[in-house]
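Summary of the model geometry
What follows is each chain in one-letter form.
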Amino acid sequence: MTGTATKAATTTKYLSWVTLALMTTSSVASLRSAPTMAVYGLACVFLYIVPAVLFLMPTSLVAAELASGWDGGVYKWVGDGLSKPLGFLAVWCQFAMTIFYYPSLLAYVASTFAYIIHPSLASNGPYVAIVIITIYWAGVYVSSRGTKTVAGLSSMGLIIGTLIPGTLLVVLGLVFLGQGNASAAPMDSAHLLPAWTGLASLVLIVNNFLSYAGMEMNAVHVSSLRDPGKEFPKAMALAVGLVLVIFILPALAISWVVPSASLSLTAGVMQAFDGFFSHFHIGFLTPIVGIALVAAALGGMLTWLAGPSKGLLLIGRSEGYLPPILTRLNKHGVQQNMLVAQGVFTTAIALLYALIPNVSSAYWILSVITTQVYLIMYVLMFAAAAKLRRDDPDHPRGYRAPALYALCLLGAVSSVAAFAIGFVPPSQFGSGSPLVYVAIVGGGMGIVGLLIPYLFYRNRRESWKIAVPQEAE
(Lines give C-alpha, C1' and ligand atoms only; values in the text may rest on other atoms or scores of the structure.)
Protein backbone atom coordinates (compact mmCIF):
# COMPACT_ATOMS: atom_id res chain seq x y z
CA MET A 1 0.00 0.00 0.00
CA THR A 2 2.85 2.33 0.88
CA GLY A 3 4.55 1.60 -2.45
CA THR A 4 1.35 2.48 -4.29
CA ALA A 5 0.99 5.73 -2.37
CA THR A 6 4.61 6.65 -3.07
CA LYS A 7 4.13 5.91 -6.75
CA ALA A 8 1.01 8.04 -6.85
CA ALA A 9 2.79 10.89 -5.08
CA THR A 10 5.64 10.68 -7.56
CA THR A 11 3.25 10.65 -10.50
CA THR A 12 1.67 13.93 -9.44
CA LYS A 13 4.99 15.68 -9.96
CA TYR A 14 4.82 15.17 -13.71
CA LEU A 15 3.23 17.56 -16.19
CA SER A 16 1.20 16.00 -18.97
CA TRP A 17 2.24 16.83 -22.51
CA VAL A 18 -1.29 18.04 -23.28
CA THR A 19 -1.13 20.47 -20.35
CA LEU A 20 2.22 21.80 -21.59
CA ALA A 21 0.75 22.22 -25.07
CA LEU A 22 -2.15 24.26 -23.67
CA MET A 23 0.23 26.37 -21.53
CA THR A 24 2.32 27.09 -24.62
CA THR A 25 -0.77 27.95 -26.65
CA SER A 26 -2.02 30.39 -24.02
CA SER A 27 1.32 32.20 -23.87
CA VAL A 28 1.76 32.50 -27.65
CA ALA A 29 -1.68 32.74 -29.26
CA SER A 30 -3.40 36.11 -29.52
CA LEU A 31 -5.84 37.97 -31.74
CA ARG A 32 -3.66 41.08 -31.75
CA SER A 33 -1.68 40.11 -34.86
CA ALA A 34 -4.75 38.96 -36.84
CA PRO A 35 -5.37 42.30 -38.65
CA THR A 36 -1.74 42.41 -39.78
CA MET A 37 -2.17 39.13 -41.68
CA ALA A 38 -5.80 39.72 -42.70
CA VAL A 39 -4.40 42.26 -45.15
CA TYR A 40 -3.24 39.29 -47.24
CA GLY A 41 -6.53 37.39 -47.17
CA LEU A 42 -6.15 33.68 -47.94
CA ALA A 43 -2.37 34.10 -48.25
CA CYS A 44 -2.22 34.60 -44.47
CA VAL A 45 -2.28 30.79 -44.17
CA PHE A 46 1.06 30.64 -46.01
CA LEU A 47 2.46 33.58 -44.07
CA TYR A 48 1.66 31.93 -40.73
CA ILE A 49 2.84 28.42 -41.60
CA VAL A 50 6.24 29.46 -43.00
CA PRO A 51 7.59 31.09 -39.79
CA ALA A 52 6.04 28.25 -37.76
CA VAL A 53 8.19 25.74 -39.64
CA LEU A 54 11.30 27.91 -40.02
CA PHE A 55 11.30 29.54 -36.58
CA LEU A 56 8.75 28.21 -34.08
CA MET A 57 9.73 24.54 -34.24
CA PRO A 58 13.55 25.10 -34.17
CA THR A 59 13.16 27.55 -31.29
CA SER A 60 10.97 25.19 -29.28
CA LEU A 61 13.18 22.11 -29.65
CA VAL A 62 16.53 23.88 -29.21
CA ALA A 63 15.34 25.86 -26.17
CA ALA A 64 14.01 22.64 -24.64
CA GLU A 65 17.46 21.03 -24.75
CA LEU A 66 19.08 24.11 -23.24
CA ALA A 67 16.46 24.44 -20.50
CA SER A 68 16.73 20.76 -19.57
CA GLY A 69 20.50 21.01 -19.11
CA TRP A 70 21.23 24.52 -17.83
CA ASP A 71 19.30 26.54 -15.24
CA GLY A 72 19.36 30.31 -15.41
CA GLY A 73 17.67 31.04 -18.73
CA VAL A 74 19.14 32.66 -21.79
CA TYR A 75 21.97 34.40 -19.88
CA LYS A 76 23.29 31.05 -18.65
CA TRP A 77 22.85 29.38 -22.03
CA VAL A 78 24.62 32.05 -24.05
CA GLY A 79 27.10 32.86 -21.26
CA ASP A 80 28.28 29.24 -21.01
CA GLY A 81 28.08 28.57 -24.74
CA LEU A 82 29.64 31.78 -26.06
CA SER A 83 30.69 34.35 -23.44
CA LYS A 84 29.34 36.31 -20.48
CA PRO A 85 29.24 39.63 -22.40
CA LEU A 86 27.13 37.99 -25.13
CA GLY A 87 25.02 36.40 -22.40
CA PHE A 88 24.35 39.88 -21.06
CA LEU A 89 23.48 41.08 -24.57
CA ALA A 90 21.02 38.19 -24.94
CA VAL A 91 19.22 38.84 -21.66
CA TRP A 92 19.24 42.58 -22.37
CA CYS A 93 17.54 42.02 -25.74
CA GLN A 94 14.98 39.81 -24.04
CA PHE A 95 14.24 42.73 -21.72
CA ALA A 96 14.64 45.60 -24.22
CA MET A 97 12.11 44.22 -26.68
CA THR A 98 9.41 45.00 -24.12
CA ILE A 99 10.26 48.71 -24.43
CA PHE A 100 8.80 48.55 -27.94
CA TYR A 101 6.36 45.74 -27.26
CA TYR A 102 4.28 47.59 -24.68
CA PRO A 103 3.58 50.64 -26.89
CA SER A 104 2.39 48.37 -29.71
CA LEU A 105 0.30 46.28 -27.28
CA LEU A 106 -1.25 49.37 -25.72
CA ALA A 107 -1.91 50.86 -29.17
CA TYR A 108 -4.05 47.79 -29.79
CA VAL A 109 -5.77 48.41 -26.44
CA ALA A 110 -6.34 52.08 -27.29
CA SER A 111 -7.83 51.32 -30.71
CA THR A 112 -10.01 48.55 -29.29
CA PHE A 113 -11.24 50.80 -26.48
CA ALA A 114 -12.03 53.49 -29.06
CA TYR A 115 -14.82 51.28 -30.40
CA ILE A 116 -16.41 51.40 -26.96
CA ILE A 117 -16.45 55.20 -26.75
CA HIS A 118 -16.01 56.59 -30.29
CA PRO A 119 -14.66 54.51 -33.24
CA SER A 120 -13.08 57.50 -35.00
CA LEU A 121 -10.54 57.78 -32.18
CA ALA A 122 -8.96 54.48 -33.29
CA SER A 123 -7.02 56.34 -35.98
CA ASN A 124 -6.29 59.42 -33.87
CA GLY A 125 -2.56 59.50 -33.08
CA PRO A 126 -2.64 61.87 -30.07
CA TYR A 127 -5.44 59.84 -28.48
CA VAL A 128 -3.49 56.60 -28.91
CA ALA A 129 -0.33 58.20 -27.48
CA ILE A 130 -2.21 59.53 -24.43
CA VAL A 131 -3.76 56.12 -23.74
CA ILE A 132 -0.40 54.35 -24.05
CA ILE A 133 1.35 56.75 -21.67
CA THR A 134 -1.49 56.81 -19.14
CA ILE A 135 -2.02 53.05 -18.98
CA TYR A 136 1.69 52.24 -18.92
CA TRP A 137 2.43 54.52 -15.98
CA ALA A 138 -0.66 53.25 -14.17
CA GLY A 139 0.73 49.76 -14.73
CA VAL A 140 4.11 50.79 -13.30
CA TYR A 141 2.38 52.13 -10.20
CA VAL A 142 0.37 48.94 -9.73
CA SER A 143 3.42 46.70 -10.31
CA SER A 144 5.60 48.73 -7.96
CA ARG A 145 3.09 48.11 -5.18
CA GLY A 146 3.75 44.40 -5.48
CA THR A 147 0.05 43.64 -5.93
CA LYS A 148 -1.06 40.33 -7.41
CA THR A 149 -4.71 41.18 -7.76
CA VAL A 150 -4.46 41.24 -11.56
CA ALA A 151 -2.77 37.85 -11.89
CA GLY A 152 -6.09 36.15 -12.51
CA LEU A 153 -6.72 38.33 -15.56
CA SER A 154 -3.64 36.90 -17.26
CA SER A 155 -4.58 33.30 -16.54
CA MET A 156 -8.04 33.95 -17.99
CA GLY A 157 -6.66 35.89 -20.95
CA LEU A 158 -6.69 32.92 -23.33
CA ILE A 159 -10.41 32.37 -22.70
CA ILE A 160 -11.66 35.94 -22.26
CA GLY A 161 -9.58 37.73 -24.83
CA THR A 162 -8.75 35.01 -27.38
CA LEU A 163 -10.85 31.84 -27.47
CA ILE A 164 -14.33 33.32 -26.96
CA PRO A 165 -13.89 36.40 -29.20
CA GLY A 166 -11.93 34.38 -31.77
CA THR A 167 -14.58 31.65 -31.94
CA LEU A 168 -17.35 34.25 -32.16
CA LEU A 169 -15.51 36.05 -34.96
CA VAL A 170 -15.08 32.85 -36.99
CA VAL A 171 -18.68 31.66 -36.44
CA LEU A 172 -20.07 35.05 -37.50
CA GLY A 173 -17.81 34.98 -40.53
CA LEU A 174 -18.97 31.51 -41.58
CA VAL A 175 -22.62 32.49 -41.16
CA PHE A 176 -21.92 35.69 -43.11
CA LEU A 177 -20.50 33.70 -46.03
CA GLY A 178 -23.19 31.03 -45.67
CA GLN A 179 -25.82 33.68 -46.32
CA GLY A 180 -24.32 34.22 -49.74
CA ASN A 181 -22.42 37.42 -48.94
CA ALA A 182 -19.26 37.97 -50.92
CA SER A 183 -15.92 37.92 -49.10
CA ALA A 184 -14.03 41.22 -49.10
CA ALA A 185 -10.86 39.27 -49.92
CA PRO A 186 -10.69 36.66 -52.74
CA MET A 187 -10.79 33.09 -51.38
CA ASP A 188 -9.76 31.17 -54.52
CA SER A 189 -6.63 29.08 -55.14
CA ALA A 190 -5.03 31.90 -57.13
CA HIS A 191 -4.62 33.82 -53.85
CA LEU A 192 -2.97 31.09 -51.75
CA LEU A 193 0.36 32.91 -52.03
CA PRO A 194 0.92 36.64 -51.44
CA ALA A 195 1.11 38.71 -54.61
CA TRP A 196 4.73 39.31 -55.53
CA THR A 197 5.43 43.02 -55.90
CA GLY A 198 9.07 42.84 -54.93
CA LEU A 199 10.74 42.13 -51.61
CA ALA A 200 8.43 44.55 -49.82
CA SER A 201 5.47 42.24 -50.43
CA LEU A 202 6.93 39.67 -48.02
CA VAL A 203 7.79 42.05 -45.21
CA LEU A 204 4.67 41.28 -43.19
CA ILE A 205 6.04 37.78 -42.54
CA VAL A 206 8.62 39.37 -40.21
CA ASN A 207 5.90 40.38 -37.78
CA ASN A 208 4.92 36.73 -37.47
CA PHE A 209 8.32 35.89 -36.00
CA LEU A 210 7.34 38.06 -33.05
CA SER A 211 3.95 36.34 -32.91
CA TYR A 212 5.79 33.08 -32.19
CA ALA A 213 8.46 34.58 -29.96
CA GLY A 214 8.69 33.54 -26.31
CA MET A 215 8.92 29.79 -26.82
CA GLU A 216 12.18 29.74 -24.89
CA MET A 217 10.15 30.74 -21.81
CA ASN A 218 7.97 27.61 -22.04
CA ALA A 219 10.96 25.32 -22.62
CA VAL A 220 11.79 25.45 -18.91
CA HIS A 221 8.92 23.02 -18.29
CA VAL A 222 10.46 20.23 -20.39
CA SER A 223 12.00 18.59 -17.31
CA SER A 224 8.54 18.27 -15.75
CA LEU A 225 7.44 15.78 -18.40
CA ARG A 226 7.53 12.05 -17.66
CA ASP A 227 9.30 11.20 -20.93
CA PRO A 228 10.66 14.47 -22.41
CA GLY A 229 12.20 12.81 -25.46
CA LYS A 230 8.83 11.57 -26.69
CA GLU A 231 6.35 13.91 -25.02
CA PHE A 232 7.89 17.32 -25.71
CA PRO A 233 7.74 16.97 -29.53
CA LYS A 234 4.11 15.83 -29.19
CA ALA A 235 3.32 18.82 -26.96
CA MET A 236 4.92 21.21 -29.42
CA ALA A 237 3.15 19.64 -32.40
CA LEU A 238 -0.23 20.06 -30.65
CA ALA A 239 0.65 23.60 -29.54
CA VAL A 240 1.71 24.59 -33.06
CA GLY A 241 -1.55 23.20 -34.45
CA LEU A 242 -3.66 25.07 -31.90
CA VAL A 243 -1.69 28.29 -32.35
CA LEU A 244 -2.06 28.13 -36.13
CA VAL A 245 -5.83 27.62 -35.81
CA ILE A 246 -6.14 30.56 -33.40
CA PHE A 247 -3.99 32.77 -35.63
CA ILE A 248 -5.32 31.80 -39.07
CA LEU A 249 -9.11 31.45 -38.70
CA PRO A 250 -9.75 34.89 -37.06
CA ALA A 251 -7.42 36.53 -39.62
CA LEU A 252 -9.45 34.95 -42.43
CA ALA A 253 -12.71 36.03 -40.78
CA ILE A 254 -11.48 39.63 -40.64
CA SER A 255 -10.53 39.51 -44.33
CA TRP A 256 -14.04 38.35 -45.21
CA VAL A 257 -15.72 41.50 -43.92
CA VAL A 258 -13.07 44.30 -43.90
CA PRO A 259 -11.44 45.31 -47.22
CA SER A 260 -7.64 45.36 -46.94
CA ALA A 261 -7.47 48.98 -48.12
CA SER A 262 -9.43 50.17 -45.08
CA LEU A 263 -8.08 47.68 -42.54
CA SER A 264 -6.40 49.16 -39.46
CA LEU A 265 -3.48 47.17 -38.06
CA THR A 266 -4.45 48.20 -34.53
CA ALA A 267 -8.25 48.25 -34.69
CA GLY A 268 -8.80 45.52 -37.31
CA VAL A 269 -10.30 43.05 -34.84
CA MET A 270 -12.92 45.56 -33.72
CA GLN A 271 -13.50 46.66 -37.32
CA ALA A 272 -14.46 43.08 -38.15
CA PHE A 273 -16.71 42.70 -35.11
CA ASP A 274 -18.32 46.04 -35.86
CA GLY A 275 -18.95 44.95 -39.45
CA PHE A 276 -20.42 41.59 -38.46
CA PHE A 277 -22.49 43.03 -35.61
CA SER A 278 -23.92 45.72 -37.89
CA HIS A 279 -24.77 43.12 -40.52
CA PHE A 280 -26.55 40.89 -38.01
CA HIS A 281 -28.12 43.88 -36.18
CA ILE A 282 -26.50 43.02 -32.83
CA GLY A 283 -24.42 46.16 -32.45
CA PHE A 284 -25.00 46.17 -28.68
CA LEU A 285 -22.33 43.43 -28.44
CA THR A 286 -19.56 45.71 -29.76
CA PRO A 287 -18.68 47.32 -26.39
CA ILE A 288 -18.95 43.96 -24.61
CA VAL A 289 -16.41 42.33 -26.92
CA GLY A 290 -14.24 45.45 -26.75
CA ILE A 291 -14.16 45.34 -22.95
CA ALA A 292 -13.25 41.62 -23.01
CA LEU A 293 -10.35 42.21 -25.41
CA VAL A 294 -9.10 45.22 -23.42
CA ALA A 295 -9.37 43.42 -20.07
CA ALA A 296 -7.41 40.41 -21.31
CA ALA A 297 -4.67 42.57 -22.85
CA LEU A 298 -4.33 44.74 -19.75
CA GLY A 299 -4.29 41.72 -17.46
CA GLY A 300 -1.42 40.23 -19.41
CA MET A 301 0.47 43.53 -19.45
CA LEU A 302 0.11 44.16 -15.72
CA THR A 303 1.05 40.61 -14.78
CA TRP A 304 4.15 40.54 -16.98
CA LEU A 305 5.24 44.18 -16.64
CA ALA A 306 7.92 43.51 -14.05
CA GLY A 307 8.72 39.99 -15.25
CA PRO A 308 11.27 40.53 -18.07
CA SER A 309 13.28 42.96 -15.95
CA LYS A 310 13.79 40.40 -13.14
CA GLY A 311 16.33 38.38 -15.12
CA LEU A 312 18.22 41.54 -16.02
CA LEU A 313 18.07 42.65 -12.38
CA LEU A 314 19.78 39.46 -11.18
CA ILE A 315 22.51 39.63 -13.82
CA GLY A 316 23.04 43.35 -13.26
CA ARG A 317 23.59 42.72 -9.55
CA SER A 318 25.73 39.57 -9.72
CA GLU A 319 28.00 40.82 -12.53
CA GLY A 320 28.01 44.55 -11.81
CA TYR A 321 26.62 45.44 -15.24
CA LEU A 322 24.01 47.91 -13.96
CA PRO A 323 24.40 50.86 -11.57
CA PRO A 324 22.86 50.40 -8.10
CA ILE A 325 20.20 53.03 -8.77
CA LEU A 326 18.64 50.67 -11.33
CA THR A 327 18.96 47.48 -9.29
CA ARG A 328 17.60 48.96 -6.07
CA LEU A 329 14.38 47.43 -4.75
CA ASN A 330 11.53 49.31 -3.11
CA LYS A 331 9.87 48.22 0.14
CA HIS A 332 7.68 45.78 -1.79
CA GLY A 333 10.72 44.03 -3.27
CA VAL A 334 10.05 45.39 -6.77
CA GLN A 335 12.69 46.93 -9.06
CA GLN A 336 10.73 50.19 -9.27
CA ASN A 337 13.57 52.34 -10.60
CA MET A 338 14.16 49.96 -13.49
CA LEU A 339 10.46 50.10 -14.38
CA VAL A 340 10.55 53.90 -14.26
CA ALA A 341 13.61 54.03 -16.53
CA GLN A 342 11.88 51.66 -18.93
CA GLY A 343 8.83 53.91 -18.75
CA VAL A 344 10.81 56.97 -19.88
CA PHE A 345 11.74 55.18 -23.10
CA THR A 346 8.23 53.79 -23.49
CA THR A 347 6.80 57.30 -23.17
CA ALA A 348 9.18 58.68 -25.78
CA ILE A 349 8.32 55.86 -28.16
CA ALA A 350 4.59 56.33 -27.54
CA LEU A 351 4.90 59.87 -28.87
CA LEU A 352 5.53 58.31 -32.31
CA TYR A 353 1.79 57.77 -32.48
CA ALA A 354 1.24 61.48 -32.05
CA LEU A 355 3.96 62.42 -34.55
CA ILE A 356 3.37 59.84 -37.30
CA PRO A 357 0.11 60.64 -39.12
CA ASN A 358 -0.88 57.01 -39.76
CA VAL A 359 -1.48 55.02 -36.57
CA SER A 360 -1.05 51.74 -38.47
CA SER A 361 2.35 52.93 -39.70
CA ALA A 362 3.53 53.66 -36.16
CA TYR A 363 2.19 50.32 -34.95
CA TRP A 364 3.97 48.46 -37.72
CA ILE A 365 7.30 50.24 -37.16
CA LEU A 366 7.25 49.48 -33.42
CA SER A 367 6.36 45.84 -34.10
CA VAL A 368 9.32 45.52 -36.48
CA ILE A 369 11.76 47.13 -34.02
CA THR A 370 10.51 44.76 -31.32
CA THR A 371 11.17 41.81 -33.61
CA GLN A 372 14.63 43.08 -34.62
CA VAL A 373 15.77 43.40 -31.01
CA TYR A 374 14.40 39.98 -30.06
CA LEU A 375 15.96 38.26 -33.09
CA ILE A 376 19.42 39.23 -31.84
CA MET A 377 18.78 37.09 -28.77
CA TYR A 378 17.60 34.14 -30.85
CA VAL A 379 20.66 34.14 -33.10
CA LEU A 380 22.86 34.07 -29.98
CA MET A 381 20.76 31.24 -28.50
CA PHE A 382 21.07 29.05 -31.62
CA ALA A 383 24.84 29.65 -31.80
CA ALA A 384 25.24 28.83 -28.10
CA ALA A 385 23.21 25.61 -28.39
CA ALA A 386 25.34 24.31 -31.26
CA LYS A 387 28.57 25.17 -29.45
CA LEU A 388 27.45 23.57 -26.17
CA ARG A 389 26.50 20.34 -27.98
CA ARG A 390 29.92 20.29 -29.69
CA ASP A 391 32.09 21.32 -26.73
CA ASP A 392 30.17 19.64 -23.91
CA PRO A 393 28.25 16.69 -25.42
CA ASP A 394 28.26 14.73 -22.15
CA HIS A 395 26.66 17.46 -20.06
CA PRO A 396 23.47 16.03 -18.50
CA ARG A 397 20.42 16.98 -20.55
CA GLY A 398 16.87 15.88 -19.80
CA TYR A 399 16.03 16.29 -23.48
CA ARG A 400 18.17 16.11 -26.62
CA ALA A 401 16.76 17.85 -29.68
CA PRO A 402 16.90 15.69 -32.82
CA ALA A 403 19.25 16.98 -35.54
CA LEU A 404 20.26 19.86 -33.27
CA TYR A 405 22.86 21.33 -35.64
CA ALA A 406 20.34 21.40 -38.50
CA LEU A 407 17.73 23.00 -36.23
CA CYS A 408 20.21 25.64 -35.07
CA LEU A 409 21.25 26.40 -38.65
CA LEU A 410 17.63 26.64 -39.80
CA GLY A 411 16.64 28.84 -36.88
CA ALA A 412 19.69 31.11 -37.17
CA VAL A 413 19.38 31.55 -40.94
CA SER A 414 15.64 32.24 -40.64
CA SER A 415 16.27 34.79 -37.88
CA VAL A 416 18.98 36.58 -39.87
CA ALA A 417 16.80 36.60 -42.99
CA ALA A 418 13.85 38.01 -41.03
CA PHE A 419 16.19 40.58 -39.46
CA ALA A 420 17.36 41.73 -42.92
CA ILE A 421 13.84 41.84 -44.38
CA GLY A 422 12.72 43.92 -41.43
CA PHE A 423 14.63 46.89 -42.86
CA VAL A 424 12.60 46.80 -46.08
CA PRO A 425 9.52 49.06 -45.94
CA PRO A 426 6.38 46.96 -46.50
CA SER A 427 4.26 47.52 -49.60
CA GLN A 428 1.69 49.38 -47.50
CA PHE A 429 4.25 52.17 -46.98
CA GLY A 430 4.89 52.88 -50.65
CA SER A 431 4.21 56.60 -50.25
CA GLY A 432 6.59 57.01 -47.33
CA SER A 433 10.33 57.58 -47.48
CA PRO A 434 12.30 54.30 -47.32
CA LEU A 435 15.25 56.15 -45.78
CA VAL A 436 13.10 57.48 -42.94
CA TYR A 437 11.72 53.98 -42.33
CA VAL A 438 15.19 52.41 -42.25
CA ALA A 439 16.48 55.21 -40.02
CA ILE A 440 13.68 54.73 -37.48
CA VAL A 441 13.91 50.92 -37.43
CA GLY A 442 17.72 50.83 -37.52
CA GLY A 443 18.07 53.64 -35.02
CA GLY A 444 15.61 52.16 -32.56
CA MET A 445 17.13 48.70 -32.81
CA GLY A 446 20.73 49.95 -32.74
CA ILE A 447 20.34 52.30 -29.78
CA VAL A 448 18.19 50.12 -27.54
CA GLY A 449 19.38 46.69 -28.69
CA LEU A 450 23.12 47.29 -29.07
CA LEU A 451 24.43 50.70 -27.96
CA ILE A 452 22.87 50.84 -24.50
CA PRO A 453 23.97 47.32 -23.43
CA TYR A 454 27.45 48.04 -24.80
CA LEU A 455 27.70 51.20 -22.68
CA PHE A 456 26.48 49.33 -19.60
CA TYR A 457 29.03 46.58 -20.15
CA ARG A 458 31.91 48.96 -20.87
CA ASN A 459 31.17 51.01 -17.74
CA ARG A 460 30.55 48.06 -15.41
CA ARG A 461 32.00 48.33 -11.91
CA GLU A 462 33.12 45.78 -9.37
CA SER A 463 31.53 48.01 -6.74
CA TRP A 464 28.15 47.51 -8.42
CA LYS A 465 28.20 43.79 -7.69
CA ILE A 466 25.93 42.66 -4.91
CA ALA A 467 27.13 39.34 -3.50
CA VAL A 468 24.26 38.98 -1.04
CA PRO A 469 20.58 39.95 -1.48
CA GLN A 470 20.11 43.65 -0.96
CA GLU A 471 17.60 44.69 1.67
CA ALA A 472 14.46 46.15 0.17
CA GLU A 473 14.46 49.87 0.61
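Here's a quick rundown of the structure. Predicted model, so just to flag it, every value in this text is computed and none were measured.

About the thresholds
- Residues numbered from 1 in each chain as written.
- Predicted model: local features only at pLDDT ≥ 70, side-chain atom pairs only at ≥ 80, totals over all residues.
- Heavy atoms only, no water.
- Helix = DSSP H or I, 4+ residues; strand = E, 2+ residues; numbered from the N terminus.
- Buried < 20%, exposed > 50% of the residue type's maximum accessible area, 1.4 Å probe, protein only.
- Phe/Tyr/Trp six-rings, centres within 6.5 Å; stacked < 30°, edge-to-face > 60°.
- Expected span 1.5 Å × (residues − 1).
- Contact = heavy atoms within 4.5 Å.
- Patch = residues over 30% accessible without salt bridge, like charges linked within 9 Å, V, L, I, M, F, W, Y side chains within 5 Å.
- Areas by Shrake-Rupley, 256 points an atom, 1.4 Å probe, with all protein chains shown as cover.
- Salt bridge = Lys/Arg side-chain N within 4 Å of Asp/Glu carboxyl O.
- Axes fitted to C-alpha atoms, helices over the stretch in contact; angles between N-to-C directions.
- Parallel < 35°, antiparallel > 145°, perpendicular 65-115°, else oblique.
- Left-handed = near helix turned anticlockwise from the far one by under 90°.
- Nonpolar A, V, L, I, M, F, W, Y, C, P; charged D, E, K, R; others polar.
- Bend = angle between axes of the 7 residues up to and from the residue.

Moving on: unusual backbone geometry. The phi torsion at His281 lies on the positive side, around 60 degrees, for a residue other than glycine. Position of His281 relative to the elements: it lies in the loop between helix 13 (268–279) and helix 14 (285–304). Its relative accessible area of 71% is what places His281 among the exposed residues. Phi angles above zero are rare outside glycine, and Ala403 is one such case at about 50 degrees. Within the secondary structure layout, Ala403 lies in the loop between helix 19 (359–391) and helix 20 (404–421). Since its relative accessible area comes to 56%, Ala403 is described here as exposed.

Moving on, we get to the packing of aromatic side chains. Using the criterion set out here, one finds 14 aromatic pairs in the structure. A centroid spacing of 5.5 Å and a plane angle of 55 degrees characterise the contact between Phe232 and Tyr399, whose relative ring orientation is tilted. With Phe232 in helix 12 (residues 228–257) and Tyr399 in the loop between helix 19 and helix 20, the pair connects residues that are 167 residues apart, well separated along the chain. Overall, Phe232 belongs to the buried group, its relative accessible area being 1%. Here a set of aromatic residues connected by ring pairs shows up, and it is made of Tyr48, Tyr212 and Phe247.

The next point concerns helix 19. With 33 residues, helix 19 should reach 48 Å at 1.5 Å per residue; the first-to-last C-alpha distance of 49 Å fits that figure. A large share of helix 19 lies buried, amounting to 28 of its 33 residues.

As for its position among the elements, Gly166 is in helix 9 (residues 157–178). In this structure, Gly166 is in contact with Leu31 and Pro250, ignoring residues within four places of it in sequence.

Before going further, it helps to spend a moment on a nonpolar patch on the surface. A cluster of nonpolar side chains, contributed by Val18, Leu22, Leu238 and Leu242, occupies part of the molecular surface with about 270 Å² of accessible area. Every element with two or more residues in the nonpolar patch is listed here: helix 2 (17–28) and helix 12. On the secondary structure map, Leu22 appears in helix 2.

Let us now look at the packing of helix 5 (residues 73–81) against helix 6 (residues 84–117). Where helix 5 meets helix 6, the closest approach of the two axes is 7 Å, and the angle between their N-to-C directions is 150 degrees. Taken together, the axes of helix 5 and helix 6 are roughly antiparallel relative to one another. Pair helix 5 / helix 6 crosses with right-handed handedness. Listed contacts from helix 6 to Val74, Tyr75, Val78 and Gly79 of helix 5 are Lys84, Leu86, Gly87, Phe88, Ala90, Val91 and Gln94. Of the residues contributing to the contact of helix 5 with helix 6, the split by class is seven nonpolar, three polar and one charged.

Here helix 4 (residues 44–69) is 26 residues long and its end C-alpha atoms lie 37 Å apart, about the 38 Å a rise of 1.5 Å per residue gives. At Ala52, helix 4 shows its strongest bend, of approximately 40 degrees. Summarising burial for helix 4: 19 of the 26 residues are buried, a large majority.

Let us look at the side chain of Gln342. Its location among the elements puts Gln342 in helix 17 (residues 336–350). Taking relative accessible area as the criterion, Gln342 reaches 2% and is therefore assigned buried. Not counting residues within four places of it along the chain, the set of residues in contact with Gln342 comprises Phe95, Thr98, Ile99, Tyr102 and Tyr136.

Here we take up the pattern of salt bridges. All told, the structure shown has seven salt bridges when counted by the stated rule. Between Arg397 and Glu65 there is a salt bridge; the shortest N-O distance is 2.9 Å. With Arg397 in the loop between helix 19 and helix 20 and Glu65 in helix 4, the pair connects residues that are 332 residues apart, well separated along the chain. Residue Glu65 is classed as buried on the basis of its relative accessible area of 3%. Taking the shortest distance from any N to any O, the salt bridge between Lys387 and Asp391 comes out at 2.8 Å.

The next thing to look at is the environment of Pro250. Here Pro250 shows up in helix 12. Each C-alpha atom, one on Pro250 and one on Ser33, is 9.9 Å from the other, the two residues being 217 residues apart in sequence. With residues near it in sequence (within four places) discarded, Pro250 still touches Leu31, Gly166, Leu169, Val170 and Val245.

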